[in-house]
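# Summary of the model geometry
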Amino acid sequence: MTTTLPSPVAATTARPSADPSERTLTYAEAVREALAEAMQADPRVFVLGEDIGVYGGAFGVTGDLVHRFGEERVRDTPISELGIVGAAVGAALADMRPIVEIQFSDFTAQAMDQIANQAAKIHFMLGGAARVPMVLRAPTGSGTGAAAQHSQSLETWFAHIPGLKVVMPATPVDAKGLLLAAIDDPNPVIVLEHKLLYKQSGPVPAGADRTPLGRAAVRRQGEDLTIVATGIMVSRAEEAAQQLLAEEGISATVVDPRTLVPLDEATIISEVAATGRALLVQEAPRTCGYMAEIAALIADSDAFGRLRAPIRRLSGLDVPIPYAPQLERAAVPQIPDIVAEATRLVRSW
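This report concerns the structure included in the present document. Per chain, residues are indexed from 1 in the order of the written sequence. Local features in a predicted model are, by the rule used here, given only for residues with pLDDT of at least 70; side-chain atom pairs are given and counted only at 80 or more, and totals for whole chains, interfaces and linings are based on all residues. The basis for the side-chain values is all heavy atoms of the structure; hydrogens and waters are excluded.

### Section: empty space enclosed by the protein
Left-over empty space is what a probe sized like a water molecule reveals as it rolls over the atoms. Stated precisely, the cut-off is as follows: Residues are called lining when one of their atoms sits within 4 Å of a cavity or pocket point, these points coming from a 1 Å grid over the protein atoms alone, where a cavity is a set in which a 1.4 Å probe fits but cannot get out and a pocket is an open set with protein on both sides within 12 Å along at least five of seven lines. Grid points are joined across faces, edges and corners, and a volume is the space filled by probe spheres set on the points. Only runs of H or I of at least four residues qualify as helices and only runs of E of at least two qualify as strands under DSSP, and these elements are numbered from the N terminus. Polarity classes work like this: nonpolar for Ala, Val, Leu, Ile, Met, Phe, Trp, Tyr, Cys and Pro, charged for Asp, Glu, Lys and Arg, and polar for all others, with Gly in that last group.
Within the structure shown, the criterion is met by one cavity of 30 Å³ or more. A volume near 50 Å³ is recorded for the largest cavity. Together, Thr140, Ser153, Glu155, Met168, His194, Thr230, Gly231, Ile232, Met233, Glu283 and Ala284 line the largest cavity. At the level of elements, α8 (232-248) and β13 (278-285) are the ones that each hand at least two residues to the lining of the largest cavity. Counted by class, the lining of the largest cavity contains four nonpolar, five polar and two charged residues.

The following block contains the structure:
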């Protein structure tokens with residue numbers, strides 16, 4: 001199958017801001033800036049993957065890094081995900097700091113032996129005598145018309161594997177801050193970047209501020225229900241919350257876990273207990289999805305006794321992502337779906 005890739009993106013260009021400590025960057029620019037800062041600060045950091053050099057990456061994220069740091073540190077690789085990740089595991093064991101870019105998260109299926117059986121387990125099987133400080137970045141999710149083999153949401157695969165940390169940045173500032181924290185981490189970290197977010201812009205403070213792994217963000221505070229969402233669903237939940245308040249008089253809290261492993265359980269439990277209702281939103285299919293774990297967390301916690309309604313999940317359909325745009329949209333939650341489900345949850349209980 002031949003995949004048509006977008007044109008590479010130019011170097012990071014910060015838009016002016018009234019506050020010099022903040023700039024407006026796209027999500028992709030924020031990721032590139034994090035890569036550049038990490039490579040500048042530590043000669044052990046290098047990037048490897050398919051078409052990340054002169055081409056600038058499948059989604060233009062690596063941009064001009066090859067011209068700034070050279071081909072030794074921005075390494076174009078053969079088309080072999082198993083080989084790419086295997087090389088990164090070996091480099092990490094040799095005290096390097098490799099950052100793998102996989103063109104689509106779906107292609108991690110080709111490398112799961114290295115991810116699940118090597119990167120995730122070596123530290124434990126060798127009694128802590130070795131570590132694998134490797135980062136694997138991968139575009140995830142639907143919305144680009146790339147069909148079933150290039151549009152999956154596989155975060156639950158990785159979250160299920162002990163030894164891996166799993167990150168899902170939802171904003172440009174977190175795309176930078178969480179990636180820098182992942183690069184610092186002595187353990188293998190999977191960073192899942194939703195491809196629809198790459199062009200979205202937001203404020204990103206200057207400097208190398210880290211976003212700690214395992215700390216959720218409360219994006220919006222409300223009184224009637226708590227929406228927990230991941231990835232692209234965070235911004236959709238925020239827009240839905242605005243509509244709910246304006247059209248239905250319903251006030252919603254929006255919680256973004258930011259990292260699935262480690263998970264900030266305390267913030268989720270506290271925010272659900274405060275409103276007494278929980279709507280859990282994910283793009284991935286419903287069956288065995290990550291939000292089932294969040295539902296179980298709430299049910300097992302002190303928040304359960306504070307619930308005024310059953311815990312509700314809003315998920316993608318249990319189908320391969322269709323190619324046709326209208327079917328693709330129908331397969332995953334959209335803003336009107338979140339509004340409708342939240343309204344039913346509040347009005348019915």
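After presenting the structure, the write-up continues.
### Observations regarding the side chain of Arg258
Test applied: The rule is simple: take the accessible area with a 1.4 Å probe, protein chains only, and divide by the maximum for that residue type; under 20% is buried, over 50% is exposed, in between is partly exposed. Pairs of residues are marked as contacts when any of their non-hydrogen atoms sit within 4.5 Å.
Turning to its location among the elements, Arg258 is positioned in the loop between β11 (252-256) and β12 (259-261). By relative accessible area, Arg258 is classed as buried at 11%. In this structure, Arg258 is in contact with Val167, Met168, Pro169, Asp174, Leu178, Thr211, Arg215, Ala216, Ala217 and Arg219, ignoring residues within four places of it in sequence.

### Comments concerning the pairing of strand β2 (residues 45-49)
Let me state the cut-off plainly: Here a strand pair is declared whenever DSSP counts at least two bridges between the two strands.
Of all five residues in β2, five are buried; the element is thus mostly enclosed. Residue alternation in β2 divides its side chains into two sets, Val45, Val47 and Gly49 and Phe46 and Leu48, and both sets are buried. In this structure, β2 lies alongside strand β4 (residues 97-101), joined through five bridges in parallel fashion. Bridging from a neighbouring strand, Leu48 pairs with Val100 of β4. Pairing between β2 and strand β3 (residues 74-76): three bridges, direction parallel. Note on β3: the bridge partner recorded for Val47 is Val74.

### With respect to the layout of surface pockets
By volume, the second largest pocket amounts to about 280 Å³. Forming the boundary of the second largest pocket are 19 residues, of which Gln152, Ser153, Leu154, Ala284 and Pro285 lie nearest the centre. Those elements giving two or more residues to the lining of the second largest pocket turn out to be α6 (155-159) and β13. Sort the elements by how many residues they give to the lining of the second largest pocket and β13 lands first, with three residues. Looking at side-chain class alone, the lining of the second largest pocket contains eleven nonpolar, seven polar and one charged residues.

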